[in-house]
Amino acid sequence: MRNALGLMLASVLAAVVIAAGGWFYYSSRADQAAPKTMAARTADPLPAPAKLAAKDDVETTAALAGKPSAPAPAPVPAPAMPVQQKQVCANPNALGVSRVVEIDTTGGPGFGFDHFKQFDFLTDKEVVLTFDDGPWPVNTPAVLKALADECTKGLFFSVGKHATYHPEILRQVLAQGHTIGAHTWSHVNLNGKKMTEQQALDEVEKGFSAVKFALGTNPAPFFRFPQLQHNPAIVTYFGTRNVAMFSTDIDSFDFRKGATPDKIISNVMTKLDKLGKGIILMHDFQKHTGEAMPALLARLKAGGYKIVQMKAKTTFQTLPEYDEALLKELKVPTSSARPIGSVVQTVSQ
């Protein structure tokens, strides 16, 4: 009996030992498989250049479909000259325009071999028609009609005062697709003995502001010095304002006393036939120039000459202080600074 009881106790003790050993074994295995958890350390943010580099180094091969993002807003275009409607030429034998060149005015380049020798962009038998001192009643419209009849284009350097006197004529120049630059405020010699640097600067900037006022939009960054008197300080200044300067190759001398249409044509063609090409200086302010234009254009066409139109890559940005000063001087209401083209538009005609 005692032996049986002892055997039973031994069996129970053995079972307890085996169970305890199994528990210890599995408990230790579980501890190895699942270590204690710790709060994760926040990663240090990459500096901006590293982020860009990391992003750039990843090649995107696929993307998950999802809610499409809103499209990026379209960039706001920079102010530019109004887009001109393409004009149909009614003259099948018109002189026309052989090519249009776009000028990057960065740094203030100069054109016209009388003063500037760097940019020889015209080929043989090519000419550029330029006109100074307008706009002016009767005379400027006469020049415009002659150009329109031959479906050709010119470059006009407007005097600021004249632009404020006759803005409607200057807008007509623009509407017909011609290029418009500036020619000072009052056509004063910028190299005059009593002319200070500040006065010369005022003449230039005020002239551009006046042309902008007349047009209702920015003109081209093109400028011609009155009397071709190049003030050194202003030449340097134009380099900072990115304004192209124009001299000439062929002077018509249409401003001289005793000038007649025949003399104007002879002056132009004699020198042009000798040079073979060039920028021609004329004045739409002069009566005889308008009278000479039809015959002069006919001579150019008969001589095999071709017209090149010059346009600017960008427009001239006037300085607000000169715009405001001009409006005060002209006693113009300043309730709205919007150009006329953004206020009044023809929608049916």
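What comes next is a walk through the structure. These figures come from a predicted structure and were not determined experimentally.

### Some details on the packing of helix α3 (residues 139-149) against helix α9 (residues 287-302)
For the pair α3 and α9, interaxial distance at closest approach is 8 Å and the crossing angle is 10°. Taken together, α3 and α9 sit at an angle that is classed as roughly parallel. Listed contacts from α9 to Asn139, Ala142, Val143, Ala146 and Leu147 of α3 are Lys287, Gly290, Met293, Pro294 and Leu297.

### Let's talk about unusual backbone geometry
Here the bond from Gly134 into Pro135 is cis, since omega is 0°, no more than 30 degrees from zero. By secondary structure assignment, the location of Pro135 is in the loop between β3 (126-132) and α3. Phi is positive for Val138, close to 70°, though the residue is something other than glycine. Checked against the element boundaries, Val138 lands in the loop between β3 and α3. Accessibility expressed as a relative area gives 63% for Val138, which makes it exposed.

### With respect to the pattern of salt bridges
The full count for this structure, using the stated rule, is 8 salt bridges. In this structure, Glu126 and Arg99 form a salt bridge, with 2.7 Å as the shortest nitrogen-oxygen distance. Remark: Arg99 occurs in strand β1 (residues 99-103) and Glu126 occurs in strand β3; sequence separation between them is 27 residues. Looking at Glu126, the relative accessible area reads 6%, which means it is buried. Where Lys277 meets Asp120, a salt bridge forms, and the shortest distance between an N and an O atom there is 2.9 Å. Of this pair, Lys277 sits in the loop between α8 (261-275) and β9 (278-283) while Asp120 sits in the loop between β2 (110-111) and β3; the two residues are 157 residues apart in sequence, bridging distant segments of the chain. For Asp120, a relative accessible area of 48% puts it in the partly exposed group.

Calculation rules
Residues numbered from 1 in each chain as written. Predicted model: local features only at pLDDT ≥ 70, side-chain atom pairs only at ≥ 80, totals over all residues. Heavy atoms only, no water. Axes fitted to C-alpha atoms, helices over the stretch in contact; angles between N-to-C directions. Helix = DSSP H or I, 4+ residues; strand = E, 2+ residues; numbered from the N terminus. Parallel < 35°, antiparallel > 145°, perpendicular 65-115°, else oblique. Contact = heavy atoms within 4.5 Å. Buried < 20%, exposed > 50% of the residue type's maximum accessible area, 1.4 Å probe, protein only. Salt bridge = Lys/Arg side-chain N within 4 Å of Asp/Glu carboxyl O.

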